[in-house]
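Survey of secondary and tertiary structure
Okay, here's what each chain looks like letter by letter:
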Amino acid sequence: ADKVTLLLDWFINPDHGPLIIAQQKGYFAEQDLEVEMQEPADPSMPPKLVAAGKADMAVSYQPQLHVQVDQGLPLTRVGTLVATPLNSLVVLESSGIESVKDLEGKKVGYSVGGFEDTLLKAMLGQQNLTLEDVELVNVNWSLSPSLIAGKVDAVIGAFRNFELNQLDIEGHPARAFYVEEQGVPAYDELVLVVNNAERENPKYGRFMTALEKATQYIVNHPDEAWESFKGYKKDLDSELNRRAWADTLSRFALRPAALDEARYQRVGAFMQAQGLTKTNPDVASYAIAPK
Amino acid sequence: MSVLRGLGVAAGLCAIWQLLVWVTAAPKFILPGPLLVLDALGSNSGLLLEHAGVTLAEILLGLLFGVLLGLGSALTLIWFRRLRPWLLPVLVVSQSIPVFALAPVLMLWLGYGMASKVAMATLIIYFPVTAACYDGLRHTSSGWLELARTLGADRRSLLLQIRLPAALPALGSGLRVAASVAPIGAVVGEWVGSSTGLGYLMLHANARMQVDLMFAALLVLAVMAVGLYFLIDRLLKRLMPWQPETLFDNDNDKESLA
Amino acid sequence: MSVLRGLGVAAGLCAIWQLLVWVTAAPKFILPGPLLVLDALGSNSGLLLEHAGVTLAEILLGLLFGVLLGLGSALTLIWFRRLRPWLLPVLVVSQSIPVFALAPVLMLWLGYGMASKVAMATLIIYFPVTAACYDGLRHTSSGWLELARTLGADRRSLLLQIRLPAALPALGSGLRVAASVAPIGAVVGEWVGSSTGLGYLMLHANARMQVDLMFAALLVLAVMAVGLYFLIDRLLKRLMPWQPETLFDNDNDKESLA
Amino acid sequence: MPAVCIRNASLAWQGRSLFSDLDLDLPAGQWTCLLGQSGVGKSSLLRLLAGLTEGMQARARIETDDGRPLTGRIAWMAQQDLLLPWLCVLDNVLLGPRLRQGRPACEQREQARYLLSQVGLSGLEARFPAALSGGQRQRVALARMLMEDKPLVLMDEPFSALDAVTRLRLQDLAAHLLADRTVLLITHDPLEALRLGHRVLVLQGHPARLTDPIVPAGATPRAVDQPQVLALQGQLLRQLTEAPA
Amino acid sequence: MPAVCIRNASLAWQGRSLFSDLDLDLPAGQWTCLLGQSGVGKSSLLRLLAGLTEGMQARARIETDDGRPLTGRIAWMAQQDLLLPWLCVLDNVLLGPRLRQGRPACEQREQARYLLSQVGLSGLEARFPAALSGGQRQRVALARMLMEDKPLVLMDEPFSALDAVTRLRLQDLAAHLLADRTVLLITHDPLEALRLGHRVLVLQGHPARLTDPIVPAGATPRAVDQPQVLALQGQLLRQLTEAPA
Ligand SMILES: Nc1ncnc2c1ncn2[C@@H]1O[C@H](COP(=O)(O)OP(=O)(O)OP(=O)(O)O)[C@@H](O)[C@H]1O
Ligand SMILES: Nc1ncnc2c1ncn2[C@@H]1O[C@H](COP(=O)(O)OP(=O)(O)OP(=O)(O)O)[C@@H](O)[C@H]1O
Ligand SMILES: [Mg+2]
Ligand SMILES: [Mg+2]
C-alpha cells in the first residue's frame, strides 16, 4: 500500500468529514492507500512541512495557498475538501449590528490566519469604510469567548458552521455576515496540497477517488456518516460537532479533484489587488486536477 | 509537609478559587468553579490520565536532558576559562530567543512525536539550570579550592568533592526553578504540534469551549508539577544533610532571628 | 565585555546560523539564512522599531512588578514564619500552572491592551524571583544575624543591611533568570491577544509566510533580551563591589584553580 | 555598670549537656577572665549571657543589681570575626551605628577612625575584609566592639590571632577603654587572664563547673613580670591541668 | 626530607609590596618557626611556598637540595580551618585520601580515627563541623594535615585557638609525628617557637626582612622552663618589639 501522511489544519472536526469517513469506511484502503493523519494546533505549519518534504499532504486554505506560492513554497493543490468559504464575520444578535456598515467605530477581533484583515478590508470597502474605521484586535484562540465577554463587538475568522453553533449553545445566538456576499470572491475554504515534486504521483488521484466516494456516502447517508465520524475518536461526539456536522454537509466538495481554474484566477487577482501577493501566476503552476 | 496540611492547603486554594468565581462573576466559559472542574475531572479521568502520562514522560525526559546539558555547560564554562567570554554571550543570546518561536523549526527536524516536546522542555530549562549551576560552581570559596589543590586533588575530584557539594544549594535553587518551568516547555511543545498530551487536550478543549475540561487538564498538570517539585525538594534534603533547611522544613528550622 | 568581542560573537553566531541552514538544507520558509533576515530587518526597520517599543515597555514593566512582587513575597515568607508552611505550597502550586494557559483568562479580565501582557510577564518571572530571593534571604549566615541582633538592629535594618546584601548573589541569579524569561511572558501575551508588539508581528508574519520578517522580529527580541541581561549584569556588578566576579568579568577573574 | 549574676544555668547542644546548675557572678565594673579546655563550653556560656540561645537548650536565671534586663546593654565579640564582606573596614567598624540609625554621625566616623588607628589599622579603612590578614580581621572586630558603648562586654578570645607585641598594646587599649565596664573575657592565655582580670575563673570538667576565682591584686593591666602574676600563673596552670582530658 | 631555599622572593598584593629580595632557608628535617607582627606577610609567604599565589604578584626562586620540585610534596595547614561543612569530622580528616583516591582505604580510616583520638576528639567523628567549638575545628584541621604524609609541612598558627594544656599536648604530638620533616611553622607565641623550633625567625619591617635565626639548643619539644629558653624568650621579645609599629 502507498503511505500518505496527511497533516490536518487543526483538530479533527466536521470539516474533515470526508477524510474521516474515507478512513472509517475503508475507501482509502480500497485504493491501496495507507493514510496517517496528524492534528496540529498551528494551521500555518502543515503547508511548510509539506513544502519541506516532511509530510506528503496537508489540509490548507485557498487564500493561504496563494500567499504560500507567492512566497516561493513549492506547493500544489491537488484537491478540495470544502468548496465554499466558511470564514465569516460574526456578531451577537444582541449587539444591534445589522450590517457591515454598523461596524464603524467598533472593535473587531480576529484570529491571525494572515488573511482576516484583508477580508474585513474588502467587506468594509463595499460600505465605503476602511480599516481605519474599526479597531482590530488579535484575539487568537478566543473568538467566541471574547465576543461573549464583550471585549470585542465582532469577530472575523469565525467559521459559520462552528462558531455560530458554539455561541448558540452557550446561549448567545449570533449572526454571520458571509464574506462571499460582501465583496470577496468565492474560494475553497479547505484544499489539499502536496509538494510540487510529487504532484504527478498517481496515489493522489486515487486519494481523491476515495474522497469522492466518502463525500457521496456522507451526502447520501448523513446520519450513518455521523455515527461513523463520531466513532473515529473518543471526544468527537459532542453537541457542537453534531450541529456543525449538519451545517457542513452541504459544503463538502462533491468533486474533490475538480479544479475551476477561472475561480482560482479570480481569487488570485483579488489577493494581488489587496497587496497580499506580488503576482498572480498561472493556475496550472500551483493547482492541478490529479488523474 | 504532612499530608494533612497538603489537603488543607488544597481545600483553601479551592475556596479562594470559588470565591474568585463569585466575586468576579466570571462566566463559566472563562473561569469555571472548582466543582465544575472536579466534575469534568471525574468524568474524563481516563482521558486525562492517558494524556497526563505522555506529558509526564516528556517532562521527566526534558528535565533529565536539561539538567545534564545545563550541568555540562556549566562545567565547560568552569573548566575552559578561555572559552568563557565567547560561550557566555552565546548562552545568553540563545536563552533570549523564545524557545517556542523555534518550535516550528524543531517540529521540522524532530517531527510531531515526543522528541520535539522533550527538546522543547529541555531547551526551556536549559538556561536556568546552566545559570544556577555556573553561579554555584563559580562561587566556591577559594580557600577550599586551594586546600584541595595542596591535597593533590585532580580536576575530577575537585569538581565532585568540592565544587559540586559547595554548589549544591545553588544547584538546588536552579533545579527547583527547572522543575517548575519544565511543564511549560512540554505543554508549549504540545501546543505547537501533537495529538497527545495535556497541552493538546487543553488546546483542544479550549477550542471547543469545554473550559471545564481545560481546567481539569490544568489541574492535573499543576498536581504533577507540585509533585515533581516536592520530590526534588526531598531529594535535595537528602543530599544536603548538613544543611537541614529545605523549603518545607519547618520543624527544626534554625532561624527565628528575623 | 568589549564591544569588539560582542561583535565577534554576533558574527560567529551568524556564521553558525548560516552553516546550520546549509547543513540541514532547511528551506528559507522554515529557517531563513542570516542575510535574508538582515535584509528583512533593514526593509522593515520602522515597523520593527515601533512594535519593539511596545514589547520593551511590557517587558520592563513586567520585570519591575515581578521583581517587586517576588521580593515582597520572599520577605513575607522570611518575616512571617508561621505563614510559611501554608504560603509555600500555594506558591509552588501557583507556579506549576502554565501561565499562558491562563493567558486567555487574563486577556478577558484585563483586556487586550498592555495590562494583560505586563501581567503575563509579571506572573512568569514571579516564581523564579521569589524562589531565588527566599533562598538567598534564608541562608544568611546565622553568625551575622546574631551579631546584628546584639548590635540592636531592628527588623528593617537587619533586612536592608544584613540579609539583603548577603542574599545579593542569589538575588542576582534570580534576576538574571527573570530577565531572560520576562520576554517570553510578554510575547506569549501578545500571541494570545493584542494588536501591537513583536509577538503580534511574529504571529502575523508567520501566518503570511513572511518567515524572514518573523525571524527579524525574533532577532530584535533577542537583542533586547541580551541588552537587558547585560544591563542587569552591570547593575549587579555595581551593587557588589566586594565580589568582583560577575558573569562577564574575566579580566580580574580570581580563580584558575579548577 | 551592673553586676550580673547567672544562677542555675544549664545548657545542652542537641541533647548533649555541657553543664547544669552553674552559677557565675560578674561583679560590677570588673573584668572577669574565663579559661578552660577547648570544647568545655566557654563560648556557649557567653552566648547564653548574650541571649543567643538559638539551637541550644539553655536555661538560666540572669540577674542584674540594677534590676533592669540585659537586653540592649551588651557588647559581644564572637570567637569568629564575623566581618561583613560587603562592607569596607570602616563601615564594618561602624556596623552598630549603621544598623541602629542607618547613617553614622560625623563624630561616630571620627571615633571609628580613631579606634582603627588605635588597633594599628590606619590607612586600611577603605579595604574590604577579604584583603586582610587574620590578625587584621580580628582587630577590626575588636574595634567594632569597642565602638559599642555598652555596660556589659563579652569577649571571646579577642587577641588570639595577634602577635605578642600587638597583643600587649591592644590589651592595654581594651583595659583602658573598658576600665569601668563589667567585662567577661574568654582567653586561652593564662598570662593574659592574670594581666587583665580582676577575677580569673576556670571552667572545667564534665558536666562543667567553675573553679573558685583567682583574684590577683593591683590595678590592671598588670605587668606580666610581677612575681605575684608569675606565682598565680603556676596556680592557674595547675588548675587547668587538674581536669581530666 | 628536602632542604628548601627560597631566593629573591618578592610579593605584593594589588600593587602593595610586602617584601622583595627575601631569602629563606628551611634546613632538611628541621623545624623553622616564623614570628612577626600581624599583617607583616607571614601567611602570604607560606602561600608563596605552597604555590598558592592566586591574586598576588609573587616571584621567587625555590630550590630543594634533592633538585625535585615541591609540587605534591607539601602539606599546608591554613590560618583558617577550611573545614568542609558537608563532610563529617572523620571525612574532613580523610579529605586528602578522598580527593586523591575517592574512597579512603581501611588503614587510612584507622589512622584518621587514631589522629582524632590523639587530638582529643574521639567520639566526635560523625559530627558536622557546624557543631564544633573553635578549638575543636582547629584540631580537626590539624588532624587533617597530620594525615598527609608529606616531606615539607607548612603550618599557619596551628594551635592559636587551643587552651594551654591542649596546646602543649598537641605541640608534643606534632613534634613527634613530624620529627624528621622539613617544617615551617607560623606562630605568635614566642615560647611555642622556642619550644618547637630548631631555628626561630622573625619577619618584620616594611619592606619585610627576616632577622638572623635564633637557634635554641637541645632536642624538641623543649621544656619551657629551661633557663636557655627563658633567656632566648627575652631576646626574641626584644627582636619583636624592635620593629617600628
Ligand atoms: N587577598 C588579599 N588581598 C589584598 N591584600 C591582602 C590579601 N591578603 C592579605 N593581604 C595583605 O597582605 C598583608 C600580609 O598579609 P598576611 O595574611 O600574609 O599577614 P600575616 O603576617 O599572616 O598576618 P596575621 O598574623 O595577622 O595572620 C596584610 O597587610 C594584608 O592586608
Ligand atoms: N552549634 C552547635 N551544635 C552542637 N554542638 C555544639 C555547637 N556549638 C558547640 N557545640 C558543642 O558544645 C561544646 C562547647 O562548645 P563551645 O564552643 O562553647 O566550646 P569552647 O569552650 O568555646 O571551646 P573553644 O575553646 O574550642 O572555643 C563543644 O563540645 C561543641 O562540640
Ligand atoms: Mg570558644
Ligand atoms: Mg597570617
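Residues numbered from 1 in each chain as written. Chains lettered and ligands numbered in written order. Predicted model: local features only at pLDDT ≥ 70, side-chain atom pairs only at ≥ 80, totals over all residues. Heavy atoms only, no water.

1. Notes on the overall build of chain B
Along chain B, the regular secondary structure elements total 10 helices and zero strands. The N-to-C order of helical and strand elements in chain B reads α-α-α-α-α-α-α-α-α-α. The proportion of buried residues among the 258 residues of chain B is 62%. Partitioning the contacts of chain B with sequence separation of at least 6, the portion at a separation of at least 24 is 70%. Taken as a whole, chain B presents about 9500 Å² of accessible surface, with 71% of it coming from carbon and sulfur. (Helix = DSSP H or I, 4+ residues; strand = E, 2+ residues; numbered from the N terminus. Buried < 20%, exposed > 50% of the residue type's maximum accessible area, 1.4 Å probe, protein only. Contact = heavy atoms within 4.5 Å. Areas by Shrake-Rupley, 256 points an atom, 1.4 Å probe, with all protein chains shown as cover.)

2. Description of the overall build of chain A
The number of helices and strands found in chain A is 11 helices and 10 strands. For chain A, whose C-alpha radius of gyration is 19 Å, the value lies close to the compact-globule estimate of 19 Å for 291 residues. Projected onto its principal axes, the C-alpha positions of chain A cover 55 × 45 × 30 Å. Sorting the 291 residues of chain A into buried and exposed places 59% on the buried side. Long-range pairs, those at least 24 residues apart, make up 80% of the contacts in chain A with a sequence separation of at least 6. (Rg over C-alpha atoms; globule rule 2.2 N^0.38 Å.)

3. Here we look at the packing of helix α1 (residues 17-24) of chain A against helix α9 (residues 222-230) of chain A
Helix-helix packing is characterised by the crossing angle of the two axes and by the distance between the axes. All names here are of chain A. Contact geometry of α1 with α9 gives a least axis separation of 9 Å together with a crossing angle of 80°. The angle between α1 and α9 places the two elements in the roughly perpendicular class. Between α1 and α9, the contacting residues are Gly17, Ile20, Ile21 and Gln24 on the first element and Ala225, Ser228 and Phe229 on the second. In terms of residue class, the contact of α1 with α9 is made up of four nonpolar, three polar and no charged. (Axes fitted to C-alpha atoms, helices over the stretch in contact; angles between N-to-C directions. Parallel < 35°, antiparallel > 145°, perpendicular 65-115°, else oblique. Nonpolar A, V, L, I, M, F, W, Y, C, P; charged D, E, K, R; others polar.)

4. Some thoughts on the UniProt feature "transmembrane region" (unreviewed entry) in chain B
Residues and elements named next belong to chain B. According to UniProt, the positions carrying the feature "transmembrane region" (unreviewed entry) are residues 59-80, 87-112, 118-137, 181-201 and 213-232. What you have in residues 59-80 is 95% helix and 0% strand, and the ends, taken at the C-alpha atoms, are 31 Å apart. Within the segment residues 213-232, helix and strand shares are 100% and 0% respectively, and the terminal C-alpha atoms sit 29 Å apart. (UniProt positions renumbered as here; feature names shortened; annotations may be inferred.)

5. Overview of the coordination of the magnesium ion (ligand 4)
When a metal carries six donors in an octahedron, the ideal angles between them are 90 or 180 degrees, while four donors in a tetrahedron ideally lie at 109.5 degrees. Donor atoms from the polypeptide that bind the magnesium ion (ligand 4) are Ser43 of chain E (OG) and Gln79 of chain E (OE1), placed at 1.9 to 2.2 Å. On the criterion of sequence distance, the pair formed by Ser43 of chain E in helix α1 (residues 42-50) and Gln79 of chain E in the loop between β5 (74-77) and α2 (89-93) is long-range, its members being 36 residues apart. (Donors = N, O, S within 2.8 Å, 3.2 Å for Na, K, Ca; no water.)

6. Quick notes on the site of ligand 2
Near ligand 2, the surroundings consist of 23 residues, among which Ser43 and Ser44 of chain D together with Arg127, Ser133 and Gly135 of chain E are the closest. Close to ligand 2, residues of chains D and E are found. The backbone of Val40 of chain D places a nitrogen or oxygen atom 3.3 Å from an oxygen atom of ligand 2. Interatomic distance of 2.5 Å between a side-chain N/O atom of Arg127 of chain E and an oxygen atom of ligand 2. Relative to its unbound accessible area of 620 Å², ligand 2 is 90% covered by the protein chains. Contributions of two or more residues to the shell around ligand 2 are made by β2 (16-26) and α1 (42-50) of chain D together with α5 (134-147) of chain E. (Near = heavy atom within 4 Å. Polar contact = N/O pair within 3.5 Å; in protein donor to acceptor, adjacent residues only side chain to side chain.)

7. A few points about the site of ligand 1
The local shell around ligand 1 holds 23 residues, among which Arg127, Ser133 and Gly135 of chain D together with Ser43 and Ser44 of chain E are the closest. Those chains with residues close to ligand 1 are chains D and E. Gly41 of chain E is positioned with one of its backbone polar atoms (N or O) 2.9 Å from an oxygen atom of ligand 1. About the coverage of ligand 1: the protein hides 91% of its 630 Å² of free accessible area. Elements with a contribution of two residues or more to the shell around ligand 1: α5 (134-147) of chain D together with β2 (16-26) and α1 of chain E. Here the shell around ligand 1 is built from residues that sort into six nonpolar, 13 polar and four charged.

8. Quick word on the environment of Trp242 of chain C
Residue position: Trp242 of chain C is located in the segment after α10 (211-239). We classify Trp242 of chain C as buried; its relative accessible area is 17%. When residues no more than four places from it in sequence are discounted, the contact partners of Trp242 of chain C are Pro165 and Leu168 of chain C together with Pro85, Trp86 and Phe128 of chain D.

9. Examining empty space enclosed by the protein
This model, assessed by the stated rule, comprises 14 cavities of 30 Å³ or more. Contributing to the lining of the second largest cavity are 11 residues, with Ile124, Val181 and Ile184 of chain B together with Val181 and Ile184 of chain C lying nearest its centre. Residue assignment for the lining of the second largest cavity shows that the elements contributing at least two residues are α6 (114-138) and α8 (155-192) of chain B together with α6 (114-138) and α8 (155-192) of chain C. Of all the elements, α6 of chain B adds the most residues to the lining of the second largest cavity, at three residues. Within the lining of the second largest cavity, the residues separate by chemical class into 10 nonpolar, one polar and no charged. (1 Å grid on protein atoms, 1.4 Å probe; cavity = no way out; pocket = protein on both sides within 12 Å on 5 of 7 lines; lining within 4 Å. Points joined across faces, edges and corners; volume = space filled by probe spheres on them.)

10. Focus: the side chain of His204 of chain C
Counting through the fold element by element, His204 of chain C comes out in helix α9 (residues 198-207). Of the polar contacts made by the side chain of His204 of chain C, one reaches the side chain of Tyr110 of chain A; its length is 3.0 Å. If we ignore the near neighbours within four places in the chain, the residues touching His204 of chain C are Tyr110, Val112 and Asp117 of chain A.

11. Re the sheet that holds strand β2 (residues 33-38) of chain A
Residues and elements named next belong to chain A. Strand order across the open sheet formed by five strands is β2-β1-β3-β10-β4, with mixed pairing between neighbours. At either end of the open sheet lies a strand with only one pairing partner, and these are β2 and β4 (75-82). For this sheet the average axis-to-axis angle between neighbouring strands, irrespective of direction, equals 30°. Note that strand β3 (residues 57-61) and strand β10 (residues 190-195) share five bridges and pair antiparallel. Each residue of the ladder has a partner; that of Met57, found in β10, is Val194. Against the sheet, helix α8 (residues 202-220) engages β1 (2-7), β2, β3, β4 and β10, with an angle of about 65° to β1. (Pairing = 2+ DSSP bridges.)

12. What to know about the sheet that holds strand β9 (residues 174-178) of chain A
Residue and element names in this part refer to chain A. A sheet is described by the order of its strands in space; here five strands give the open sequence β7-β6-β8-β5-β9, paired in mixed fashion. In this open sheet, the two edge strands, each paired with only one partner strand, are β7 (135-138) and β9. Each neighbouring strand pair of the sheet contributes to a mean axis angle of 35°, computed without reference to strand direction.

13. Concerning the packing of aromatic side chains
For the structure on display, the rule yields 15 aromatic pairs over all chains. Between Trp144 of chain C and Trp86 of chain D the ring centres are 5.2 Å apart and the planes differ by 85°, which places this aromatic pair in the edge-to-face class. Residue Trp144 of chain C is found in helix α7 (residues 142-150), and its partner Trp86 of chain D is found in the loop between β5 (74-77) and α2 (89-93); the two belong to separate chains. (Phe/Tyr/Trp six-rings, centres within 6.5 Å; stacked < 30°, edge-to-face > 60°.)

14. Considering the packing of helix α3 (residues 45-79) of chain C against α6 of chain C
All names here are of chain C. One way to put it is that α3 packs onto α6 with a least axis distance of 6 Å and a crossing angle of 35°. In the packing of α3 onto α6, the handedness of the crossing is right-handed. Here the residues of the contact of α3 with α6 are counted per class, giving 21 nonpolar, six polar and three charged. (Left-handed = near helix turned anticlockwise from the far one by under 90°.)

15. With respect to unusual backbone geometry
Most peptide bonds are trans, and most residues other than glycine sit at a negative phi. Going from His206 of chain D to Pro207 of chain D, the amide bond is cis rather than trans, its omega being -5°. Tracing the chain through its elements places Pro207 of chain D in the loop between β8 (199-204) and β9 (209-210). Of note, the bond from Thr220 of chain D into Pro221 of chain D is cis; its omega dihedral lies within 30 degrees of zero at -15°. Position of Pro221 of chain D relative to the elements: it lies in the loop between β9 and α8 (227-242). The phi angle at Asp32 of chain A is positive, at roughly 60°, despite the residue not being glycine. Take Asp32 of chain A: its relative accessible area is 40%, and that puts it in the partly exposed class. In the Ramachandran plot, Asn128 of chain A falls in the positive-phi region, its phi being about 60° despite a non-glycine side chain. Looking at the secondary structure, you find Asn128 of chain A in the loop between α5 (116-126) and β7.

16. Quick look at α6 of chain C
Residues and elements named next belong to chain C. Along its 25 residues, α6 runs 35 Å from first to last C-alpha, staying within 8% of the 36 Å computed at 1.5 Å per residue. Taking the largest bend as the criterion, α6 deviates by roughly 35°, centred on Tyr126, and proline Pro128 comes between one and four positions later. Of all the 25 residues making up α6, 22 are buried; the element is thus mostly covered by neighbouring parts of the structure. (Expected span 1.5 Å × (residues − 1). Bend = angle between axes of the 7 residues up to and from the residue.)

17. Comments concerning the arrangement of the chains
No other pair among the eight pairs of chains in contact exceeds the contact count of chains B and C. Between chain A and chain D there is no contact, and the shortest C-alpha to C-alpha separation is 50 Å. At their nearest point, the C-alpha atoms of chain A and chain E are still 49 Å apart, with no contact between the two.

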